[in-house]
Amino acid sequence: MDPGILIDIQHLHTNFYLREGVVKAVNGASLTIAKGRTLGVVGESGCGKSVTAQSILQIVPRPGRIESGDILLHIAEGDLDETINITDLNPGDPLMRDIRGSRISMIFQEPMTSFSPVHTVGNQLEETIKLHQPKSGDEAPARVLDMLRRVGIANPERNVEAYPHQLSGGMRQRAMIAMALMLEPSLLIADEPTTALDVTTEAQILALMRDMQSELHMAIMFITHDLGVIAEMADDVAVMYLGRVVEKAPVRAIFHSPKHPYLQALLESIPRIQKRTGARLQAIEGVVPNPLDVPPGCPFHLRCPDFMPGVCDEVVPPDVTVDEGHTVACHLYTE
Amino acid sequence: MTVATPPKSAEANLYTASQWQLMWWRFSRHRVAVVSMILLVFAYGAALFAEFVSPHDPNRFSSSWVLAPPMRLHFTRPDGSFSLRPFVYGLTSARDEETLAMVVVPDETQVHPIRFWVKGDPYTLWGQFDSDLHLFGIDVWAEQPLFLLGADDLGRDLFSRIMYGARISLSIGLLGVGFSLLFGVVLGGISGYYGGLIDVIIQRIIELLRSLPTIPLWLTLVVILPPHWSALRVYFGITLILSLIGWTGMARVVRGRFLALREEDFIMAARLANAPQMRIIMRHMVPSFTSHLIAQMTLAVPGMILGETALSFLGLGLQPPVVSWGVLLQGAQNLRSVVLAPWLLLPGLFVVAVILAFNFAGDGLRDAADPYAI
Amino acid sequence: MWKFLLQRLLLFIPTFLVISVITFVLIQAPPGDYINSYATQLEASGEEASEALLLALRKRYGLDQPVYIQYVKWLWGIFTRLDFGHSMQWNRPVGDLIWDRLAWTVLISFLTIIFTWILAFPIGIYSATHQYSGFDYSFTFLGFVGAGIPDFLLALVLMWLGFAFFGLDMGGLFSEAFRDAPWSWAKFVDMLKHLWVPVVVLSVSSTAGLIRTMRANLLDELRKPYVITARSKGMTEWHLVLKYPVRVALNPFISSIAYVLPQLVSGTTIISIVLSLPTTGPIQIRSLMSQDMYLAGSIFLLLASLTILGTFISDILLAVVDPRIRLE
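All of the points below concern the structure found in this document.

The rules behind each value
- Residues numbered from 1 in each chain as written.
- Chains lettered and ligands numbered in written order.
- Predicted model: local features only at pLDDT ≥ 70, side-chain atom pairs only at ≥ 80, totals over all residues.
- Heavy atoms only, no water.
- Helix = DSSP H or I, 4+ residues; strand = E, 2+ residues; numbered from the N terminus.
- Rg over C-alpha atoms; globule rule 2.2 N^0.38 Å.
- Areas by Shrake-Rupley, 256 points an atom, 1.4 Å probe, with all protein chains shown as cover.
- Lys, Arg positive; Asp, Glu negative; His and termini not counted.
- Charge placed at Lys NZ, Arg CZ, Asp CG, Glu CD.
- Salt bridge = Lys/Arg side-chain N within 4 Å of Asp/Glu carboxyl O.
- Buried < 20%, exposed > 50% of the residue type's maximum accessible area, 1.4 Å probe, protein only.
- Contact = heavy atoms within 4.5 Å.
- Pairing = 2+ DSSP bridges.
- Axes fitted to C-alpha atoms, helices over the stretch in contact; angles between N-to-C directions.
- Buried area = accessible area lost by both parts, 1.4 Å probe.
- Polar contact = N/O pair within 3.5 Å; in protein donor to acceptor, adjacent residues only side chain to side chain.
- Phe/Tyr/Trp six-rings, centres within 6.5 Å; stacked < 30°, edge-to-face > 60°.
- Lys NZ or Arg CZ within 6 Å of the ring centre and 35° of its normal.
- Parallel < 35°, antiparallel > 145°, perpendicular 65-115°, else oblique.
- Left-handed = near helix turned anticlockwise from the far one by under 90°.
- Nonpolar A, V, L, I, M, F, W, Y, C, P; charged D, E, K, R; others polar.

## Considering the overall build of chain A
Item 1. Helix and strand counts for chain A come out as 10 helices and 12 strands.
Item 2. The C-alpha atoms of chain A give a radius of gyration of 21 Å, which matches the 20 Å a tight globule of 335 residues would have.
Item 3. Along the three orthogonal principal directions, the C-alpha set of chain A runs to about 65 × 50 × 45 Å.
Item 4. On chain A, roughly 14,800 Å² of surface is accessible, and the fraction owed to carbon and sulfur atoms is 50%.
Item 5. Side-chain charges in chain A split into 28 positive and 43 negative, and the spacing between the mean points of these groups amounts to 5 Å.

Here it is, written out as structure tokens:
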């Protein structure tokens, strides 16, 4: 495995077993997260980006289950150099629990509901330390205060005693980040962390995340549907559609030479200031297919302007490398 | 969560179905609720046609049949031959060899087949139509009554009495809920629509009423009904007393829905379109909570039935000769008679069955009430 | 916190006053007053009821005064001397008749609440965390059945089964031998042997209700994002469930005191008739039948105050448990 790689996801399948049928939320996705870099995962709701993240932590909610595929986690610390395949572990496995919160941690969209309303912020932050370092006892409160200060929470001595409902939205998300970074993880998964915030607070939180990243040298998996945030945050980008990764590239390539028709259409649909006034905004034709009934072949073929009958609706397009670090899953680029 | 938005269904007509159609689909998926609903239709049908369904006059008494045991339905004759038409044995008095008391026992020499559409005790259906036709019975009804569920301490047929009692007990449930609905919708509507001080006062009253122990309150209220009232007036009086607590639940639902709906975009849209207030309420708000109200009503009926049963059981509700399930259970208050004749507890079985049916049906309705929820 | 308590306490007082007015109206409602009934009673027993005596009695009980003065006097008597009036049927002060009976009502209701919690708490948690398992289904079904059986019917059936098949008399609170004996260990044990019957009978329907409440709330809470947060921190599943959602789902559990208590007091009244228990139930029914309104009214007043006190207690406990309420 490339030593610069932290997480390597290969052909991940995560299904939800509903009464109506099986939803293949993640349907053969592959992507990699490099150490210390930010991977932006972008796609519309239901494309499987959150479930991919949940699969990494093995916290896919019932009735969902990882069906097959590999999630390789590379741990290199001093002498220690090993690779763990997360999909080999049970969700309840002690090793898996050990990874959660200490090596990989996660922050969520709703900072209000992501904290327990009946425990103080301090209690919930300290818990993270105690869970992973049971002997840390006395120094835990001091570490909590220190971390709160680092994420820019004013008056940490008082706010550590506060209940979540007493903090503002931005403060709660800062506290959330503090909790996630408590044990200096090598990967922070951020699942639409700023969607619920106003624009000013969003900018502050994004800046905080970048600062913390350079301070702690961690990788970030940044999940969002907002291409603007991707442009601002990501080093690399993975574009997902209907449970598959359709394009992977460094962030510049994504915006300057998009290859997949879906990504091209997606970029077309962004309003631009320099465009002439009066022009209609481009929307992608059709709707996302029913996830219970995914079409054969390329998942996008029903909406694709370059649809090739007999090819796109029959064969799943393989990943094609078009440039260094730039792959796309589309028959337009296959030999 | 971005992914687990479960797909509604592949059928295209799902998107065009009316709200009531959607609710029916959801409800019909609830098998227990559907069965309960059918059971309730039967129960109310039997109550409506009690005269016809019961084989006997509920007040026909006879000292010869005091505490006669339920007759078993047989399909094999004493000689071992099979008969598709069920039959019962007649009863005769005999002396118990241990206690030396006279008891009523089956007499295997008398075979009475059960027949449908037979003549029996004459009756006047709904006080209008004279008839003597019964759904089922035995040929010798005049000399030998059919005791499907045994007889009470005056030798009256318990099954017939339960059928007549159903009329009172089941209708009190509906009527009480009707009263509750009236109070609940008016007061809950006022509370939710106007808000402010009126809302606070009504909410306080509801809270107070809900924190009172119901049976002691009902008992005390029942006692102050004037003693010279006719049975019919007492019946209405008791129903009113029962709905005195029942309306609070209804009012809560109505108020809650009103408060939620006030904020909804489609109400705002109607308001911006300058629709008159009354039209907004009747055309937009009421239809969107009728389903919740129906569910709540179904769930409120058992409380009413139980209330009547409890009051009459304690001897403070309806009084004999009125027949209700509670009045019938009064006969089971004495442990000695229950030990002698356990079938006196059977009216209780009917109470439980109806209450369960209402609860299951109401539960299914409540689920169906929100057809757009996942 | 203290402000909240004071608010609740201040609310308690007008509520009590409203109930006392209702009670007084109920007492006054039957036609004729207590002196009239007393006169009829005297005449029935062959004694002469002179006008002078009746007038004196009327004066003594203040019946010659306007109704609101009578109300204030009655209330004043309750507050200052715990004087609830006079029971004409027993010809004794109401207070003498009801205290120990009220104590039994309270004891049985209290024990039932505890028992209900002990049952409903673990079953509710298990049902919610193992949703749609066989265990969950059977308890959901049992819950429906339990909620559908009237408690007095259950008591009747239990009495009948006990007597018919085991020759047991399940009624009463003491065996024959101990009924009038002074308190002793043996009498206490004997009481426990009888006390479980009403407690079990009463707890069936409230347990069924509470299990459903607990399960529904917990299911709601288990879907909340903070559970996923806790899981993503690396907590073990049972630790997580107990620390977070159960803690939050405790609120409706505690507020259940407010509505379970009236149910229990109500239920105690009626099953006491069936099980012949020395609670307020039988004496209330008897007093109502003979229109002994001071006795009947006082019992109602005390029971209602009791359940309102229950609401008050549940409010306090809620504030203790939930910072969102406490710190509002």
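## Some thoughts on the pattern of salt bridges
Item 1. Tallied over the full model, the rule gives 23 salt bridges over all chains.
Item 2. K49 of chain A is paired through a salt bridge with E192 of chain A; the nearest N and O atoms lie 3.6 Å apart. Taken together, the residues span a long stretch of sequence, with K49 of chain A in helix α1 (residues 49-57) and E192 of chain A in the loop between β7 (187-191) and α7 (199-216) at a distance of 143 residues.
Item 3. Judged by its relative accessible area of 0%, K49 of chain A is buried.
Item 4. Its salt-bridge partner being E221 of chain C, residue K224 of chain C comes within 3.2 Å of it at the nearest N-O pair.

## Observations concerning the side chain of S30 of chain A
All names here are of chain A.
Item 1. Its location among the elements puts S30 in strand β2 (residues 21-34).
Item 2. Residue class for S30 comes out buried when judged on its relative accessible area of 10%.
Item 3. Once residues within four sequence positions are removed from consideration, S30 is found in contact with I9, Q10, H11, V245 and K248.

## Details of the sheet that holds strand β12 (residues 326-329) of chain A
All names here are of chain A.
Item 1. The strand order across the open sheet formed by 8 strands is β6-β7-β8-β3-β9-β10-β12-β11, and the pairing between neighbours is mixed. Where the open sheet ends on each side, the last strands, each with one partner, are β6 (104-107) and β11 (319-323). In this sheet, neighbouring strand axes are inclined to one another by 20 degrees on average, regardless of whether the strands run parallel or antiparallel.
Item 2. As paired elements, strand β3 (residues 38-42) and strand β9 (residues 236-241) share 4 bridges and run parallel to each other. Counterpart to G40 in the pairing with β9 is V237.

## Topic: the interface of chain B and chain C
Item 1. On the side of chain C, 40 residues touch chain B, which itself brings 39 residues to the contact.
Item 2. The junction of chain B with chain C conceals about 3,500 Å² of combined surface from both sides, 83% of it contributed by carbon and sulfur atoms.
Item 3. With its nearest N and O atoms 3.8 Å apart, the salt bridge here joins D363 of chain B to R212 of chain C.
Item 4. Linking chain B with chain C are 3 residue pairs in polar contact (both at pLDDT 80 or more).

## Considerations on the interface of chain A and chain C
Item 1. Opposite the 27 residues of chain A that make contact, chain C presents 21 residues.
Item 2. Along the contact surface separating chain A from chain C lie 2 salt bridges.
Item 3. Between K243 of chain C and E127 of chain A there is a salt bridge, with its nearest N and O atoms 2.9 Å apart.
Item 4. Inspection of the region where chain A meets chain C yields 9 residue pairs in polar contact (both at pLDDT 80 or more).

## A word on the packing of aromatic side chains
Residue and element names in this part refer to chain C.
Item 1. Counted by the stated rule, this structure contains 27 aromatic pairs over all chains.
Item 2. Measuring from ring centre to ring centre gives 5.4 Å for F24 and Y71, while their planes differ by 65 degrees; the resulting arrangement is edge-to-face. Of this pair, F24 sits in helix α1 (residues 2-28) while Y71 sits in helix α4 (residues 67-81), and the two are 47 residues apart along the sequence.
Item 3. Accessibility expressed as a relative area gives 5% for F24, which makes it buried.
Item 4. Directly above the ring of F144 sits R212, whose terminal nitrogen or CZ lies 4.3 Å from the centroid.

## Considerations on the packing of helix α3 (residues 121-132) of chain A against helix α4 (residues 140-150) of chain A
Residue and element names in this part refer to chain A.
Item 1. Contact geometry of α3 with α4 gives a least axis separation of 9 Å together with a crossing angle of 120 degrees. When the interaxial angle is binned, α3 and α4 end up oblique. As α3 runs across α4, the sense of the crossing is right-handed. Mapping the contact onto sequence places L125, E126 and I129 in α3 and A140, P141, R143, V144 and L148 in α4.
Item 2. In terms of residue class, the contact of α3 with α4 is made up of 6 nonpolar, no polar and 2 charged.

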